[in-house]
Amino acid sequence: SGEESMKQRTKNVVEFHDEPALRVLLCTDAGGVGLNLQRAASCIVHFELPWNPAIFEQRVGRVHRLGQPEPVDVYS
């Protein structure tokens, strides 16, 4: 969430990328700002749709970036 320190947020993202047993990363829009998850994620689930379609595309873009080796599944 936006309440985490930058140090803790970085630690969580590194663990998500590098720890095979860690399969799920939950984050709010505030916690997701600036994340690049294409090395670790191939699926995004929207629990609540944003009012702005650009925000929706930005969420998907965090997973579907250059370097993503897998197809990306998007669920809303």
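The structure displayed is predicted, hence computed values, not measured ones.

Caption draft 1: Main features of the overall build of the protein. Scanning the protein for helices and strands turns up 3 helices and 2 strands. Taken from the N to the C terminus, the helices and strands of the protein come in the order α-α-β-α-β. On C-alpha atoms alone, the protein measures out to a radius of gyration of 12 Å, which is about the 11 Å that the 2.2 N^0.38 rule sets for 76 residues. Counting all 76 residues of the protein, 26% fall into the buried class. Restricting the contact set of the protein to residue pairs at least 6 apart, pairs at least 24 apart contribute 55%. Just so you have it, the protein exposes about 5,700 Å², and 56% of that area is on carbon and sulfur atoms. Within the protein, one finds 8 positive and 10 negative side-chain charges whose respective centroids are separated by 5 Å.

Caption draft 2: Representation of the environment of Pro71 in the model. Its place among the elements puts Pro71 in the loop between α3 (53-63) and β2 (73-75). In this structure Pro71 comes out as exposed when scored by relative accessible area, which is 63%. Expressed as a C-alpha distance, the spacing of Pro71 and Cys43, which sit 28 residues apart in the sequence, is 8.4 Å.

Caption draft 3: Layout of the pattern of salt bridges. As enumerated under the stated definition, the model contains 1 salt bridge in all. Close ionic contact of Glu15 with Lys11 constitutes a salt bridge, the shortest N to O distance being 3.4 Å. Of this pair, Glu15 and Lys11 both sit in helix α1 (residues 6-18), 4 residues apart, which is roughly one turn of the helix. A relative accessible area of 44% means that Lys11 is categorised as partly exposed.

Caption draft 4: Broad picture of the environment of Thr10. Relative to the elements of secondary structure, Thr10 occurs in helix α1. Taking the relative accessible area as the measure of exposure, Thr10 reaches 42% and is therefore partly exposed. In the structure, Thr10 is positioned 59 residues away from Pro69 in sequence and 23 Å away in space, judged by C-alpha atoms. Within the local environment of Thr10, its side chain forms a polar contact with the backbone oxygen of Met6, the two atoms lying 2.9 Å apart.

Caption draft 5: Layout of the nonpolar core. Val13, Phe16, Leu35, Leu37, Ala41, Ile44, Val60, Val63 and Val72 together form the largest nonpolar core, which totals 9 residues. Listing elements by their share of this core, those giving two or more residues are α1 and α3. Beyond its immediate chain neighbours, meaning those up to four positions away, Val60 contacts Ile44, His46 and Val74.

Caption draft 6: How the structure looks around a nonpolar patch on the surface. Residues Val24, Leu26, Val45, Phe47 and Tyr75 make up a contiguous nonpolar surface patch of about 610 Å² in total accessible area. In this structure Leu26 comes out as exposed when scored by relative accessible area, which is 67%.

Caption draft 7: Representation of the side chain of Arg59 within the structure. Within the fold, Arg59 resides in helix α3. Of note is the side chain of Arg59, whose polar atom sits 3.0 Å from the backbone oxygen of Glu48. Discounting residues that sit within four places of it in the chain, Arg59 has contacts with Asp29, Ile44, His46, Glu48, Leu49 and Pro50.

Rules of the game
Residues numbered from 1 in each chain as written. Predicted model: local features only at pLDDT ≥ 70, side-chain atom pairs only at ≥ 80, totals over all residues. Heavy atoms only, no water. Helix = DSSP H or I, 4+ residues; strand = E, 2+ residues; numbered from the N terminus. Rg over C-alpha atoms; globule rule 2.2 N^0.38 Å. Buried < 20%, exposed > 50% of the residue type's maximum accessible area, 1.4 Å probe, protein only. Contact = heavy atoms within 4.5 Å. Areas by Shrake-Rupley, 256 points an atom, 1.4 Å probe, with all protein chains shown as cover. Lys, Arg positive; Asp, Glu negative; His and termini not counted. Charge placed at Lys NZ, Arg CZ, Asp CG, Glu CD. Salt bridge = Lys/Arg side-chain N within 4 Å of Asp/Glu carboxyl O. Polar contact = N/O pair within 3.5 Å; in protein donor to acceptor, adjacent residues only side chain to side chain. Core = buried A, V, L, I, M, F, W, Y, C linked by side-chain atoms within 4.5 Å. Patch = residues over 30% accessible without salt bridge, like charges linked within 9 Å, V, L, I, M, F, W, Y side chains within 5 Å.

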